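Breakdown of the fold
These are the residues of each chain, in order.
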Amino acid sequence: MANSSTAVLRASNQLATESKPHLVVTPSDVQTMMDRYQFSDDTRRIVKEEKLLPVGLLSRLQASYPQHSGLMETKPFLFKVGSNYTGLEGFRRVCEILKENRIELSQIKEREFYIEVYRFLATSHSLNSINWDNYENDSLYQLVLPQPGMIDPEPTKTYVAAETEDERARIVAEYTEKTNPHDGNQQLNKPWFDNGEGQIEFLEGSQHKYPQCQLVFDTSTQNCFSFCTYCFRHAQVRGDEDMFLQKDITQLHNYLKQHKEVSDLLITGGDGGFMPANRFEQYIRPIIEDPELGHIRNIRLGSRALTFHPEMILSSKYDRMLELFDLLYENGIQMAWMAHFSTPRELLNPRTLAAIRRLKAHGVFIRSQSPIMNHISLFSDESGKVDVDKSAQSWIDLANILAMIGVGFHSMYAARPTGEHHYFTAPLADIERIFSKIYNSLSSINRPSRHISMTISAGKLAIMGTSVIGGEKCFALQFTEGRNMEWMNRVFHAKYDEQKNKIDLLLPFDTEKHFFEDELKQIEADLAEALRKCLA
């Protein structure tokens with residue numbers, strides 16, 4: 001009987017395995033993946049020599065999250081690998097290719113209005129990552145392609161009804177003026193210093209709002225691999241007159257020598273991944289060699305290349321950049337790659353996984369600052385309300401996948417009040433419920449390192465949860481960054497509201513104004529006056 005039971009159990013296990021195909025990835029499957037993604041000979045060599053696609057990791061990811069995975073898909077890609085699609089012409093070509101494959105997008109003019117205001121750019125990798133069999137419910141489709149409803153109905157109707165190009169151009173120009181590309185009074189963050197010759201120099205391409213971290217918008221990083229539809233840096237990528245643009249690297253180093261409080265340099269854009277190795281070396285070499293810059297301990301690179309263009313990292317042309325990452329690691333300077341993953345599908349493809357493993361092998365710490373956006377990483381139920389359980393589960397899956405591949409879950413942040421905020425935002429009460437469910441469901445080492453944050457002029461505010469004071473429910477808030485860093489030591493409260501979608505709309509709970517409001521006005525006034533005098 002025992003032997004018979006064992007045989008039955010073995011047969012049952014075998015049947016279960018056979019009924020769940022593609023849960024175990026084999027070396028031949030890896031070859032099939034590389035064929036489908038059209039890996040070059042150079043990339044195949046790198047993947048093999050550096051062991052970037054181990055079957056054990058791929059099998060575990062595929063078995064754990066088949067609902068998100070593109071690893072074992074075999075359907076031919078719609079878009080030619082290595083192609084980019086830019087502007088109206090690129091968008092129209094995307095529509096042509098879709099139509100050739102019996103997919104026809106609706107409301108083209110509405111989408112083109114969005115493109116004329118904010119631009120359009122998509123790589124073949126980002127477009128091929130979309131599940132075109134169910135594209136209307138695909139997060140990456142919402143992330144990359146403009147949708148009807150993103151821009152309010154009235155200006156959209158006016159644009160669609162326009163009969164001439166000149167009339168459309170006027171409508172676009174007028175609407176562009178209303179898009180608020182510099183939320184949070186970013187222009188007040190522009191630093192200046194005495195150059196030692198009695199002259200004040202402005203750093204036209206930097207922001208220094210918080211003591212420890214300086215943002216650099218280098219002249220080489222003013223583009224993206226694909227444009228996110230919720231972009232809050234559209235002043236940079238569309239080339240507005242008031243964009244930040246750092247040309248002189250020596251000037252930046254001179255500023256840093258006078259500001260020993262700065263420990264982190266964050267190279268952003270656009271996309272920091274656009275910076276070529278020779279330009280990057282000009283930034284880091286003095287930091288390594290000059291004792292006066294020894295207070296710089298962390299170099300951060302803000303980039304979505306891992307989502308939109310991971311093949312860049314899987315090339316021998318990228319070797320020089322990897323050598324510089326090694327150099328930073330060898331000199332005790334942390335190299336942090338700040339990614340922005342918000343959907344599991346962004347990760348579960350062979351290119352992105354291999355690129356992540358290659359960066360990590362060269363001392364790069366990859367962290368995800370993850371945007372929580374309606375239609376992309378927030379989902380609605382049939383009634384149109386935020387589906388808390390479905391939304392939270394997607395984020396829980398993402399957090400666990402990040403942990404499995406050794407990527408830190410740095411933080412989640414809500415839509416900033418810029419661009420088409422109305423489309424991507426959701427009630428803060430719903431976001432708080434989602435975050436609480438995520439936080440409570442994850443192992444402590446897989447959780448975000450801070451509570452969900454929102455940016456305002458005063459700094460970055462986090463909703464810590466809800467409290468009940470005197471029988472009344474309220475939000476508990478705390479700064480994670482502030483124009484005055486002492487504000488971070490204080491938890492304060494705001495009235496609970498089921499509908500408000502911006503944190504600066506929340507009313508104080510038991511006072512006439514939030515504790516920091518008067519000081520913030522004075523700080524902003526002082527910064528504006530100092531800026532005026534320097535420009536005089």
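Residues numbered from 1 in each chain as written. Predicted model: local features only at pLDDT ≥ 70, side-chain atom pairs only at ≥ 80, totals over all residues. Heavy atoms only, no water.

Before going further, it helps to examine helix α4 (residues 55-64). Inspection of α4 places Leu-57, Leu-58, Ser-59, Leu-61 and Gln-62 among the buried residues, and these make up the whole buried set. Those residues of α4 hidden inside the fold are in contact with α2 (27-36), α16 (350-360) and α17 (388-404). (Buried < 20%, exposed > 50% of the residue type's maximum accessible area, 1.4 Å probe, protein only. Helix = DSSP H or I, 4+ residues; strand = E, 2+ residues; numbered from the N terminus. Contact = heavy atoms within 4.5 Å.)

With that settled, consider unusual backbone geometry. For Arg-102, which is not glycine, the phi dihedral falls at a positive 65 degrees. Secondary-structure assignment places Arg-102 in the loop between α5 (87-100) and α6 (108-118).

With that settled, the discussion passes to the pairing of strand β9 (residues 334-339). With respect to burial, β9 is a largely interior element, five of its six residues being buried. Across five bridges, strand β8 (residues 298-302) lies against β9 in parallel orientation. The residue of β9 that forms the bridge with Leu-301 is Trp-337. Bridging between β9 and strand β10 (residues 364-372) involves five bridges; their strand directions are parallel. The residue of β10 that forms the bridge with Trp-337 is Ile-366. Note on the crossover from β9 through α16 to β10: the handedness is right-handed. (Pairing = 2+ DSSP bridges. Right-handed = clockwise from strand over helix to strand, strands pointing away.)

Okay, the packing of aromatic side chains next. The final tally for this structure, using the stated rule, is 29 aromatic pairs. Considering the side-chain rings of Phe-492 and Phe-515, the 5.1 Å spacing of their centres and the 75 degrees angle between planes classify their relative orientation as edge-to-face. Remark: Phe-515 occurs in the loop between β15 (491-495) and α20 (517-535) and Phe-492 occurs in strand β15; sequence separation between them is 23 residues. Taking the relative accessible area as the measure of exposure, Phe-515 reaches 26% and is therefore partly exposed. The positively charged end of Arg-447 is found above the aromatic ring belonging to Tyr-439, 4.5 Å away from the centroid. Across the ring face of Phe-515, the terminal group of Arg-490 is positioned such that the distance to the ring centre comes to 4.2 Å. (Phe/Tyr/Trp six-rings, centres within 6.5 Å; stacked < 30°, edge-to-face > 60°. Lys NZ or Arg CZ within 6 Å of the ring centre and 35° of its normal.)

Looking now at the packing of helix α9 (residues 153-161) against helix α10 (residues 165-176). How two helices pack is summed up by the angle between their axes together with the distance between the axes. Between α9 and α10, whose axes approach to 9 Å, the crossing angle comes to 160 degrees. Regarding the angle of α9 to α10, the classification is roughly antiparallel. At the point where α9 passes α10, the crossing takes the left-handed sense. Contacts between α9 and α10 involve Pro-155, Thr-158 and Tyr-159 from the first element and Arg-168, Ile-171, Val-172 and Tyr-175 from the second. For the contact of α9 with α10, the per-class residue count stands at five nonpolar, one polar and one charged. (Axes fitted to C-alpha atoms, helices over the stretch in contact; angles between N-to-C directions. Parallel < 35°, antiparallel > 145°, perpendicular 65-115°, else oblique. Left-handed = near helix turned anticlockwise from the far one by under 90°. Nonpolar A, V, L, I, M, F, W, Y, C, P; charged D, E, K, R; others polar.)

Looking now at the pairing of β8. In summary, the side chains of a regular strand alternate between the two faces of the sheet. Judged by how many residues are buried, β8 sits mostly within the fold: four of five residues are covered. Relative to β8, strand β7 (residues 264-268) is paired through four bridges, and the arrangement is parallel. Its bridge partner being in β8, Leu-265 is matched across the sheet by Ile-299. With helix α13 (residues 277-289) bridging β7 and its parallel neighbour β8, the resulting β-α-β unit is right-handed.

All right, on to the environment of Pro-286 then. For Pro-286, the location among the structural elements is in helix α13. The exposure class assigned to Pro-286 is partly exposed, which follows from its relative accessible area of 25%. Along the sequence, Pro-286 and Thr-250 sit 36 residues apart, while their C-alpha atoms lie 9.2 Å from each other. Other than its neighbours up to four places away in sequence, Pro-286 contacts His-253, Glu-281 and Leu-293.

Take the side chain of Thr-179 next. Structurally, Thr-179 is set in the loop between α10 and β3 (192-194). In terms of polar contacts, Thr-179 uses its side chain to reach the backbone carbonyl oxygen of Thr-176, at 2.7 Å. Aside from chain neighbours lying at most four places away, what touches Thr-179 is Val-117, Tyr-118, His-234, Arg-238, Thr-418 and Gly-419. (Polar contact = N/O pair within 3.5 Å; in protein donor to acceptor, adjacent residues only side chain to side chain.)

This next bit is on the confidence of the model for the chain. Should the pLDDT be low somewhere, the predicted coordinates at that spot are not to be read in detail. Looking at the chain, the pLDDT average stands at 91 and 94% of residues meet or exceed 70. Contacts from residues 1-20, a stretch scored under 50 in pLDDT, to residues over four places away or in other chains number zero contacts. (pLDDT = per-residue confidence, 0-100.)

Here the structure, examined in full by the defined rule, presents 29 salt bridges. Between Arg-92 and Glu-112 there is a salt bridge; the shortest N-O distance is 2.8 Å. With Arg-92 in helix α5 and Glu-112 in helix α6, this pair connects stretches of sequence that are 20 residues apart. Counted as one network, the salt bridges with shared partners bring together Glu-281, Arg-285, Glu-289, Arg-320 and Glu-323. (Salt bridge = Lys/Arg side-chain N within 4 Å of Asp/Glu carboxyl O.)

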